[in-house]
Amino acid sequence: MTGRQTSDLYRRYMTADTAYRQHAAACTACTITAPSPACRDGARLYESFSTLQAAYLNKLNQK
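The structure displayed is predicted, hence computed values, not measured ones.

(A) Representation of the pattern of salt bridges. Scanning the model with the defined rule gives three salt bridges in all. Ionic pairing is found between Arg-44 and Asp-41, a salt bridge with its closest N-O pair at 4.0 Å. Placement of the pair is Arg-44 and Asp-41 together in helix H2 (residues 40-62), with a separation of three residues, close to one helical turn.

Written out as structure tokens, the structure is:
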């Protein structure tokens, strides 16, 4: 993966983080560290964040 691809992955990871944090701040069921099992939006946003985070960290470890 090139530096540009890594930067894009980082940007997407941070965007997903922001989206989940904004959701968690407004959602009465979700917390900043985990979505509520009853909140589909929170679960979807958190899954996106955690998948992108794992991909980014894996790329860093490959360098």
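Alright, that's what it looks like, and here's the rest.
(B) Quick peek at the side chain of Ser-36. Within the secondary structure, Ser-36 sits in the loop between helix H1 (3-26) and H2. A relative accessible area of 13% places Ser-36 in the buried class. Those residues in contact with Ser-36 that sit more than four places away from it in its chain are Ala-29 and Cys-30.

About the cut-offs
Numbering of residues starts from 1 in every chain and runs along the sequence as written. For this predicted model, a pLDDT threshold of at least 70 governs which residues receive local features, and a threshold of 80 or more governs which side-chain atom pairs are given and counted, while totals over whole chains, interfaces and linings are taken from all residues. To obtain the side-chain values, all non-hydrogen atoms of the structure were included, while hydrogens and water were left out. Salt bridges are defined by distance alone: a side-chain nitrogen of Lys or Arg within 4 Å of a carboxyl oxygen of Asp or Glu. Counting from the N terminus, the helices are DSSP H or I runs at least four residues long and the strands are E runs at least two residues long. Throughout, exposure labels follow a simple rule: accessible area from a 1.4 Å probe, protein chains only, divided by the maximum for the residue type, with under 20% read as buried, over 50% as exposed, and the rest as partly exposed. The criterion used for residue contact is that any of the two residues' heavy atoms lie within 4.5 Å.

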